[in-house]
Amino acid sequence: MDQILQELKDADTFKQAFRLGVKAGLYGPGPVLLAGMIGFGAMGHGVGLSVLQTTAISTFMYALPGQIVFIEMMSMGASSSVVAIAVALTSTRFLTMVLTLFPQIPKARKEPSRMLSVHLVAMSAWAYCMRDFPKIKPEIRYGYFLGIGLICWILAIPGTILGYVISEYVPIWVTIPLVFVNPLFFLLSFVDVVIPLNRIAIIAGGIAGAIFYQIYPEHALLISGLGFGSLVYGIDYFRRKRKPSA
Amino acid sequence: MNAFESSIAEFGWWAILLFVVLATYFWRGLGVLLAGHVSQDSELFKWLSTVTYALVGALTFKLILLPIGALAQVPMIYRIIVCCVCLFYMTKFKSGLSRGLILGSLLMTAYGLFLFYQST
């Protein structure tokens, strides 16, 4: 990884940066993303989707939390509008992610369309670009982002198919860790959440989710996310408003 | 059933997929349009991120505590212990996320093997 970064500092063409991005993607976020997509493939098989449906979700949504919300809620029998709202809310983080990442890339006169390449923005490529962008020349940043993003997106497709197919044939001791990969990944990534408000939101939403799933399974996610998330935000908002006057 | 839902029922599962794909892309595309024009310190952003974290928190707890399929065969107490061990390992030893994931997967494989040999 350090060697890639060294080469990046010396790189000055789009092509070089793209190639190094692909390399960085394969060594860095690639394996974790692949594991997540294999796990998602196994989950798709578990809820009774076809391999084509499961792979289409990974390819076109390309957002693991949203993908899992989608198949979980569908299997719970939630109505399509509730599913759509929950998925849309799960994906709001992309707005913040794009707003922090793209302004760091200077616009070139001839460049691959950003409206298309933005599909590659996901946790994997985003975290690595945010870390490495300050260390590399602005002109080659777009190439580096496209390299990481594209390789991760491409890996998602065989990963999903592999997970789906193997969970059909392998014994239970392979399926169990596969379907556990994603929840564990989400849980462990919470360790890096530093803003206290967001930490409280995770715990409040989590506890509410565990309770409401047993009472209103098809609306639990919306109640916990939108309801309890807003509640936590509201309490914090009024606390902040009161503080300066006190 | 409202108008939206009845049209979904007509086109079936793929229509719902198309809709959630668009809903996911919406935020990414909006990001491109707004890049460089909005401040991320606004109240709207704070609210959006709180809601997102609460949603993902609920999803994570649900998947761990009330799973469907293969994971349901692992007792709840074992699932919770594995999560605690991995969280402890990650925070105590400052190790990366991927190591925590590998540890958790190994612990789950171990239980799976136990189930597998118990049944044969």
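Residues numbered from 1 in each chain as written. Chains lettered and ligands numbered in written order. Predicted model: local features only at pLDDT ≥ 70, side-chain atom pairs only at ≥ 80, totals over all residues.

Novice: Help me understand the overall build of chain A in this model?
Specialist: A count of helical and extended segments in chain A gives 13 helices and 0 strands. Beginning at the N terminus, the succession of helices and strands in chain A can be written as α-α-α-α-α-α-α-α-α-α-α-α-α. For 246 residues, the compact-globule formula gives about 18 Å, and the C-alpha radius of gyration of chain A, at 20 Å, lands near that figure. In terms of its C-alpha atoms, chain A occupies a principal-axis envelope of roughly 65 × 60 × 30 Å. In chain A, which comprises 246 residues, the proportion classed as buried is 51%. In chain A, 75% of the contacts between residues at least 6 apart in sequence involve partners at least 24 apart. (Helix = DSSP H or I, 4+ residues; strand = E, 2+ residues; numbered from the N terminus. Rg over C-alpha atoms; globule rule 2.2 N^0.38 Å. Buried ≥ 20, exposed ≤ 12 C-beta atoms within 10 Å, placed from the backbone. Contact = placed C-beta atoms within 7 Å.)

Novice: Is there a simple way to explain the overall build of chain B in this structure?
Specialist: On a plain count of helices and strands, chain B comes out with 5 helices and 0 strands. What you see in chain B, going N to C, is helices and strands ordered as α-α-α-α-α. Its C-alpha radius of gyration of 21 Å places chain B more than 25% over the 14 Å reference for a compact globule of 120 residues. Taken along its principal axes, the extent of the C-alpha atoms in chain B is 55 × 45 × 20 Å.

Novice: What am I meant to see in the domain arrangement of chain A here?
Specialist: Where interface size is quoted, it is often the accessible area lost as the parts come together. Residue and element names in this part refer to chain A. Segmentation of chain A into domains returns domain 1 (2-192) and domain 2 (194-246). Here domain 1 and domain 2 have C-alpha centroids that lie 26 Å from each other. Listed by partner, the interface residues are 10 residues for domain 1 and 8 residues for domain 2. Broken down by secondary-structure element, the contributors of at least two residues to the side of domain 1 that touches domain 2 are α5 (64-76) and α6 (80-90). Residue contributions to the side of domain 1 that touches domain 2 peak at 4 residues, all from α6. When grouped by side-chain class, the residues that make up the side of domain 1 that touches domain 2 number 9 nonpolar, 1 polar and no charged. (Domains from an automatic or database assignment. Nonpolar A, V, L, I, M, F, W, Y, C, P; charged D, E, K, R; others polar.)

Novice: Just to check I follow, could you spell out the nonpolar core for this structure?
Specialist: A general feature of soluble globular proteins is that nonpolar side chains tend to end up buried together. With 108 residues, the main nonpolar core has Val121 and Ala125 of chain A together with Ala54 of chain B as its most contacted residues. Shared between two domains, this core takes at least three residues from each, and those domains are domain 1 (2-192) and domain 2 (194-246) of chain A. Valine 121 of chain A has contacts with Phe94, Met97, Val98, Leu101, Trp126 and Gly149 of chain A together with Arg28 of chain B, leaving out every residue within four places of it along the chain. (Core = buried A, V, L, I, M, F, W, Y, C linked by C-beta atoms within 7 Å.)

Novice: Looking at this structure, how should I read helix α11 (residues 172-189) of chain A?
Specialist: Because each turn of an α-helix spans 3.6 residues, side chains separated by three or four positions end up pointing in the same direction. In this model α11 of chain A runs 26 Å from its N-terminal to its C-terminal C-alpha over 18 residues, within 8% of the 26 Å that 1.5 Å per residue would give. If you look at α11 of chain A, its biggest bend is around 40°, right at valine 181 of chain A, and the proline proline 183 of chain A turns up within four residues after that. (Expected span 1.5 Å × (residues − 1). Bend = angle between axes of the 7 residues up to and from the residue.)

Novice: Help me out: how do you make sense of the interface of chain A and chain B in this one?
Specialist: The interface of chain A with chain B comprises 80 residues on the first partner and 71 residues on the second. Take the side of chain A that touches chain B: its biggest share by element is 15 residues, from α11 of chain A. Here the residues of the side of chain A that touches chain B sort into 55 nonpolar, 23 polar and 2 charged.

Novice: Would you mind showing me how to read unusual backbone geometry here?
Specialist: Peptide bonds are, in most cases, trans, and in most cases residues other than glycine have a negative phi. All names here are of chain A. Positive phi outside glycine occurs at tyrosine 62, with the angle close to 45°. Tracing the sequence through the fold places tyrosine 62 in the loop between α4 (51-60) and α5. For tyrosine 62, a count of 25 C-beta atoms within 10 Å puts it in the buried group.

Novice: It is not clear to me how helix α2 (residues 13-34) of chain B should be interpreted in this structure. Could you clarify?
Specialist: Residues and elements named next belong to chain B. With 22 residues, α2 ought to run about 32 Å at 1.5 Å a step, and its terminal C-alpha atoms sit 32 Å apart, in line with that. The sharpest bend along α2 comes to roughly 30°, located at phenylalanine 26. Among the residues of α2, Ile16, Val20, Val21, Ala23, Thr24, Trp27, Arg28 and Gly31 are the ones counted as buried.

Novice: Before we go on, may I ask you to explain the confidence of the model for chain B in this structure?
Specialist: Low-confidence regions, as indicated by low pLDDT, have predicted coordinates that should not be scrutinised in detail. Residues and elements named next belong to chain B. Looking at chain B as a whole, its pLDDT mean stands at 87, while 90% of the residues score no less than 70. Element-level pLDDT for chain B is lowest in helix α1 (residues 3-11), with a mean of 59, against a maximum mean of 95 in helix α4 (residues 76-92). Predicted as a complex, the structure gets a pTM of 0.85 and an ipTM equal to 0.87. (pLDDT = per-residue confidence, 0-100.)

Novice: I tried to follow the packing of helix α2 (residues 14-27) of chain A against helix α10 (residues 141-169) of chain A on my own but got confused; where do I start?
Specialist: Two measures define how a pair of helices packs: the angle their axes make with one another and the distance between the axes. Residue and element names in this part refer to chain A. The geometry of α2 relative to α10 is characterised by a closest axis approach of 6 Å and an angle of 40° between their N-to-C directions. By the criterion of interaxial angle, the relationship of α2 to α10 is oblique. Every pair of crossing elements has a handedness; the one defined by α2 and α10 is right-handed. Touching Phe14, Lys15, Ala17, Phe18, Arg19, Leu20, Gly21, Val22, Ala24, Gly25 and Leu26 of α2 are Gly143, Tyr144, Phe145, Leu146, Gly147, Ile148, Ile151 and Cys152, all from α10. Considering only residue class, the contact of α2 with α10 consists of 13 nonpolar, 4 polar and 2 charged. (Axes fitted to C-alpha atoms, helices over the stretch in contact; angles between N-to-C directions. Parallel < 35°, antiparallel > 145°, perpendicular 65-115°, else oblique. Left-handed = near helix turned anticlockwise from the far one by under 90°.)

Novice: Quick question: what am I supposed to make of the environment of isoleucine 154 of chain A here?
Specialist: For isoleucine 154 of chain A, the location among the structural elements is in helix α10. It is 9.9 Å that separates the C-alpha atoms of isoleucine 154 of chain A and leucine 120 of chain A, two residues lying 34 residues apart in sequence.

Novice: Looking at this model, I keep getting lost on the packing of helix α1 (residues 2-10) of chain A against α2 of chain A. Mind explaining?
Specialist: Residue and element names in this part refer to chain A. Relative orientation of the contacting elements α1 and α2 amounts to 170°, with a least axis distance of 10 Å. In terms of orientation, α1 lies roughly antiparallel with respect to α2. Residues Ile4, Glu7 and Leu8 of α1 pack against Ala17, Leu20, Lys23 and Ala24 of α2.

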